[in-house]
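Residue-level structure breakdown
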Amino acid sequence: MALGDVAGQQRAVRFLKQLVKKDAIPHAFLFTGMPGTGKLAAAVEFARVLECVRPVEFDACGRCGPCNKISEGVHPDLIQVRSDGASIKLDQIRELRERFRFRPFEGKWRVVIIRDAQKLLEQAANALLKILEEPPPGNVFILLAPEAQMLLPTIVSRCCHVRFQPLDDTIVAEFVERQSGLPPDRVAEIARLSAGSIEKARWLTEEDRIAGWTKVVHNLEKLDGLPILDLFQTVSEWAGKAAREDVEQDLECARLWVRDLILLRTGADHPLTFSISDKTKEAARRVAPESLFLLYKDIEQAMQNLKVNANLQLTLEGVCLAVKDSVYGQGDWNSFSKGRQDLPL
Ligand SMILES: [Zn+2]
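About the cut-offs
Residues numbered from 1 in each chain as written. Predicted model: local features only at pLDDT ≥ 70, side-chain atom pairs only at ≥ 80, totals over all residues. Heavy atoms only, no water. Helix = DSSP H or I, 4+ residues; strand = E, 2+ residues; numbered from the N terminus. Expected span 1.5 Å × (residues − 1). Buried < 20%, exposed > 50% of the residue type's maximum accessible area, 1.4 Å probe, protein only. Contact = heavy atoms within 4.5 Å. Domains from an automatic or database assignment. 1 Å grid on protein atoms, 1.4 Å probe; cavity = no way out; pocket = protein on both sides within 12 Å on 5 of 7 lines; lining within 4 Å. Points joined across faces, edges and corners; volume = space filled by probe spheres on them. Pairing = 2+ DSSP bridges. Axes fitted to C-alpha atoms, helices over the stretch in contact; angles between N-to-C directions. Donors = N, O, S within 2.8 Å, 3.2 Å for Na, K, Ca; no water. Tetrahedral: all angles 85-135°; square planar, octahedral: opposite > 155°, others 65-115°. Disulfide = S-S within 2.5 Å. Salt bridge = Lys/Arg side-chain N within 4 Å of Asp/Glu carboxyl O. Parallel < 35°, antiparallel > 145°, perpendicular 65-115°, else oblique. Left-handed = near helix turned anticlockwise from the far one by under 90°. Nonpolar A, V, L, I, M, F, W, Y, C, P; charged D, E, K, R; others polar. Arc of directions from axis to C-beta. Right-handed = clockwise from strand over helix to strand, strands pointing away.

With that settled, consider helix α7 (residues 169-180). Here α7 contains twelve residues, and its C-alpha end-to-end distance of 16 Å stays within 8% of the 16 Å for a straight helix at 1.5 Å per residue. Of all the residues in α7, the buried ones are I171, V172, A173, F175 and V176. In the core, the buried residues of α7 are packed alongside α8 (184-193) and α9 (198-205). Positive phi shows up at G181, right after α7, with a value of about 65°.

Attention now moves to the domain arrangement of the chain. Looking at the assigned domains, one finds that the chain contains domain 1 (3-163) and domain 2 (207-342). On a C-alpha basis, the centroid separation for the pair domain 1 and domain 2 is 38 Å.

This next bit is on the layout of surface pockets. To find leftover empty space, one rolls a probe the size of a water molecule over the atoms. Roughly 420 Å³ of volume is contained in the second largest pocket. The wall of the second largest pocket is formed by 16 residues, among which G212, K215, W238, A242 and D250 lie closest to the centre.

Paired through backbone hydrogen bonds, the strands of a sheet run either parallel or antiparallel to each other. The parallel open sheet is built from five strands, whose spatial order is β2-β3-β4-β1-β5. Strands at the two margins of the open sheet, each flanked by one partner only, are β2 (78-81) and β5 (160-163). Strand-to-strand, the axes of this sheet are offset by a mean angle of 20°, without reference to chain direction. The sheet strands contacting helix α1 (residues 10-22) are β1 (28-32) and β5, and the helix crosses β5 at an angle near 150°.

With that settled, the discussion passes to the coordination of the zinc ion. Ligation of the zinc ion by protein atoms is provided by C52 (SG), C61 (SG), C64 (SG) and C67 (SG), these donors lying 2.2 to 2.4 Å from the ion. Around the zinc ion, the four donor atoms sit at angles spanning 104 to 117°, and that spread fits a shape best called tetrahedral. Sequence spacing of the donors to the zinc ion: C-x8-C-x2-C-x2-C. Here C52, found in the loop between α2 (39-51) and α3 (65-72), pairs with C64, found in the loop between α2 and α3; they are twelve residues apart in sequence, far enough to count as distant. A relative accessible area of 2% places C64 in the buried class.

Bringing the environment of L193 into the picture now. Assignment of secondary structure puts L193 in helix α8. L193 gets classed as buried once you look at its relative accessible area, which sits at 4%. For L193 and F274, which are 81 residues apart along the polypeptide, the C-alpha to C-alpha distance reads 7.6 Å. Ignoring sequence-local partners within four residues, the contact set of L193 consists of K200, L204, I210, W213, L256, T273 and F274.

A disulfide bridge is the covalent bond that connects two cysteines by way of their sulfur atoms. Scanning all chains against the criterion turns up zero disulfides. Not engaged in a disulfide, the cysteine C159 finds its nearest cysteine sulfur in C160; these two sulfurs lie 8.5 Å apart. Accessibility expressed as a relative area gives 12% for C159, which makes it buried.

A few words now on the pattern of salt bridges. Evaluation of the coordinates by the stated rule reveals 13 salt bridges. The shortest N-O distance in the salt bridge between K89 and D84 comes to 3.8 Å. Between K119 and D116 there is a salt bridge, with the nearest N and O atoms lying 3.9 Å from each other. Linked through salt bridges whose partners overlap, the residues forming this network are E206, R209 and D246.

A separate point is the packing of α2 against α3. The relative placement of two packed helices is expressed as an angle between their axes plus a distance between the axes. α3 packs onto α2 with a crossing angle of 155° between their chain directions and a minimal axis gap of 8 Å. Relative to α3, the element α2 is oriented roughly antiparallel. Once α2 is placed against α3, the crossing between them reads as right-handed. Each of V44, A47, R48 and E51 in α2 lies in contact with α3, whose residues at this interface are P66, C67, I70 and S71. The class makeup of the residues in the contact of α2 with α3 is five nonpolar, one polar and two charged.

Because each turn of an α-helix spans 3.6 residues, side chains separated by three or four positions in sequence point in the same direction. Compared with the 18 Å implied by 1.5 Å per residue over 13 residues, the 18 Å span of α1 between its first and last C-alpha is a close match. Among all positions in α1, only A12, V13, L16, L19 and V20 are buried. The arc that holds every buried residue of α1, seen down its axis, measures 120°, which confines them to one face. Away from the buried face of α1 by more than 90 degrees, exposed residues Q10, R11, R14, K21 and K22 are located. Note on α1: the residue one or two positions beyond its end, D23, has a positive phi of about 55°.

Most of strand β3 (residues 110-114) sits inside the fold, with five of its five residues counted as buried. Side chains R110, V112 and I114 of β3 all project onto a buried face; the interleaved residues V111 and I113 project onto the opposite face, where all are buried too. The β-α-β motif built from β2, the intervening helix α4 (residues 90-99) and the parallel element β3 has right-handed crossover chirality. Here five bridges tie β3 to strand β4 (residues 139-145), and the two strands are oriented parallel to one another. Each bridged residue has a counterpart across the sheet, and for R110 the counterpart in β4 is N139. After leaving β3, the chain enters helix α5 (residues 122-133) and then returns to the sheet as β4, a path that is right-handed.

See below:
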């Protein structure tokens, strides 16, 4: 493999190759984009270009000693830092700093890839910042994160920012077909639902995932006209059966569903992810676009809250009430409080 083989990220790849061509390698990069869009593959391939001893047209040859060592994951000058549990800790950055006392072992460059850089704990982030402020020569840092806002602005400002786009459905479909051998209609469905992420596509390829998402859309559309007490009942069953990660995925599904409604409402010429019922389509066309945007943000916030251990049932209730209010115009708080009185407390 080479940098040019990273699928669907022509702009980022072209930019990185230009830097190689100009021999103007910044000491730190930040690659942002949602998971499963090729950030890690591009970072490793960029490292390979820098280490390759016989580069071809500003890309790695894929055959020399260093190229092979990178394929085998044994190149001594390519270091990957990943989270230890849920976070990247100060000790890990200190350990890294120790290694900078030595020059790169084999080539001109040492490449340090920091995966999920948004998981740097505060002290670790500050220690990394210190390193980036006085970068040891011969080292290239590549930080990977979903979004720049998730990192300290002082770190972001020291990095050359490269954005990775969601992948085209055709690229995801090719990948799914190669990996799973599923029939074409199923492959097309997974590619559509993946929203441009190979990681998501891989997840959806597992058994029952698509059925699960169909159920989520069904639950959301069922909120139209649903009495509040029944809503609590639905949510209670929903949260009762699911693990935390499953609910996170369910909310991802809800978010994509709201994105479809935004596309419908704004008349954007973009294929929808789900097949939306006529009733919901009608409802979406009546709603102010702003309230759909707000709902989208609410769901994103709920996803973040789940990551920091928010209560599953309360989070889902909040999302369902917001959908009922924003999409179907049924934020009837009187019936809400009346219903609450009937609940055994
Ligand atoms: Zn090579």
